[in-house]
Amino acid sequence: MSDGVLLLRVQVTAQQASLSILLDGSTDISADVMNLPLGGADIFQPNDNVIFSRDEDGGVIVSIVGSMSFTVALNNVTSIPSLTISATISADFTQSGGVTSGLLGVMNGDPSDDLQFRNGTVLLQPATEREIFPVMQTWQITTAESFFTYSGGGNARDFAFPSHVPVFSDELSVDPAIEAQCGGNAECIFDATATGNINVGMETMAITNELEIQRTQTANQDPTITPGTPITIVLGQTVQYVFWIREVDAGDAVTVALEPIENTEVPNNTDIMADGPPAGDVQQYILTWTA
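Before going into details, it helps to say that this report is about the structure given with it. (Residues numbered from 1 in each chain as written. Predicted model: local features only at pLDDT ≥ 70, side-chain atom pairs only at ≥ 80, totals over all residues. Heavy atoms only, no water.)

Things to note about the overall build of the protein
So, step 1. If you tally the helices and strands in the protein, you get 6 helices and 11 strands.
So, step 2. Against the globule reference of 19 Å for 291 residues, the protein gives a C-alpha radius of gyration of 26 Å, more extended than a compact globule.
So, step 3. If you line up the protein on its principal axes, its C-alpha atoms span 85 × 45 × 40 Å.
So, step 4. Taking all 291 residues of the protein together, the buried fraction comes to 23%.
So, step 5. Sequence-distant contacts, at least 24 apart, represent 31% of the contacts inside the protein between residues at least 6 apart.
So, step 6. Within the structure as shown, the protein displays about 18,800 Å² of accessible surface, and the carbon and sulfur contribution to it stands at 54%.
So, step 7. With 7 positive and 36 negative side-chain charges, the protein shows a separation of 13 Å between the mean positions of the two kinds. (Helix = DSSP H or I, 4+ residues; strand = E, 2+ residues; numbered from the N terminus. Rg over C-alpha atoms; globule rule 2.2 N^0.38 Å. Buried < 20%, exposed > 50% of the residue type's maximum accessible area, 1.4 Å probe, protein only. Contact = heavy atoms within 4.5 Å. Areas by Shrake-Rupley, 256 points an atom, 1.4 Å probe, with all protein chains shown as cover. Lys, Arg positive; Asp, Glu negative; His and termini not counted. Charge placed at Lys NZ, Arg CZ, Asp CG, Glu CD.)

Below, the structure written as structure tokens:
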């Protein structure tokens, strides 16, 4: 990938047991990255533009400062290792006028223009996968556009198969046994049917489920608290303090509790309760305690 500043290559090693990572096309930083502890406890930052870390499952997280992040993971569920790649675009990137294009579409909040040929022509939706395929073909890189280095004097053309036509999920004849094992998960059914390997499908389902959890967590917004009027407390006096909490995610439960700051404790005679039914997505609370 390249953003005009960063040139980075991540690939499976020749032994197919780990990842090889080259920065700027030639600097091998594989050991620095692959030796990082799992779970993001430490990072490796070779320059001002990129930060590397590892997730809990061993994937490599590549964070391009102020732009986007990629997670690349090596899967060994079959005899042929494969790479799983997921991308996250930061709010700073889009808010600063950043533009995406290609296989992942145009990130502008309008899904209707995501299926664009390289020349900018938009494929009208809805469209079948067979109709979408020619759009994807226009984004296949040429030898001149490739950022990869190739052993043995090869080039990008050695990995291009322009006459290949893939399997389309909306044209598949699905084995009921595969559908049952996948529990109706469309991604699992497609990969298991297309490859003839149920393990590939099950791994795909695990990945898509994890991505859905991450998407939900990212989309979930924290409640906002509106404080009430400041009050003066007299020792021995019972006081009440009114405040409001707004929860914009419909259906989410809000739990309100007091936690002491350093070197203090919450009095036993303290109570927080909702004051009547919520007004839309805003709930009023009353905090009562004796000083």
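Quick look at the pattern of salt bridges
So, step 1. Summed over the entire model, instances satisfying the criterion amount to 2 salt bridges.
So, step 2. As a salt-bridge pair, Arg 118 and Glu 145 come within 2.6 Å of each other at their nearest N and O atoms. With a gap of 27 residues between them, Arg 118 in the loop between helix 2 (91-95) and helix 3 (129-137) and Glu 145 in the loop between helix 3 and helix 4 (176-181) connect regions that are remote in the sequence.
So, step 3. Note on Arg 118: relative accessible area 36%, which makes it partly exposed.
So, step 4. In this structure Glu 145 comes out as partly exposed when scored by relative accessible area, which is 32%.
So, step 5. One salt bridge connects Arg 130 with Glu 171, and the closest N-O pair in it is separated by 2.8 Å. Taken as a pair, Arg 130 in helix 3 and Glu 171 in the loop between helix 3 and helix 4 lie far apart in primary sequence, 41 residues in all. (Salt bridge = Lys/Arg side-chain N within 4 Å of Asp/Glu carboxyl O.)

Topic: the packing of aromatic side chains
So, step 1. A full pass over the atoms with the stated rule returns 4 aromatic pairs.
So, step 2. A centroid spacing of 5.7 Å and a plane angle of 15 degrees characterise the contact between Phe 243 and Tyr 285, whose relative ring orientation is stacked. In this pair, Phe 243 sits in strand 9 (residues 238-246) while Tyr 285 sits in strand 11 (residues 282-290), placing the two residues 42 residues apart along the sequence.
So, step 3. Take Phe 243: its relative accessible area is 9%, and that puts it in the buried class. (Phe/Tyr/Trp six-rings, centres within 6.5 Å; stacked < 30°, edge-to-face > 60°.)

Digging into the sheet that holds strand 8 (residues 224-226)
So, step 1. Taken in spatial order, the 4 strands line up as 8-9-11-10 in an open sheet, and their pairing is antiparallel. Strands with a single pairing partner mark the edges of an open sheet, and in this sheet they are strand 8 and strand 10 (270-274). Across the sheet, the mean angle separating the axes of adjacent strands is 25 degrees when strand polarity is ignored.
So, step 2. Note: strand 9 against strand 11, 9 bridges, orientation antiparallel. Following the sheet pairing, Val 239 is matched in strand 11 by Trp 289. (Pairing = 2+ DSSP bridges. Axes fitted to C-alpha atoms, helices over the stretch in contact; angles between N-to-C directions.)

Overview of the state of the cysteines
A covalent bond bridging the sulfur atoms of two cysteines is what the word disulfide describes.
So, step 1. Per the counting criterion, the structure on display carries 1 disulfide.
So, step 2. Across a sulfur-sulfur distance of 2.1 Å, Cys 182 and Cys 188 are joined as a disulfide pair. Handedness of the Cys 182-Cys 188 disulfide follows from its S-S torsion of about -65 degrees: it is left-handed. Of the two residues examined, Cys 182 and Cys 188, each falls in the buried class. (Disulfide = S-S within 2.5 Å.)

Remember, this is a structural readout, not a statement about activity or role.
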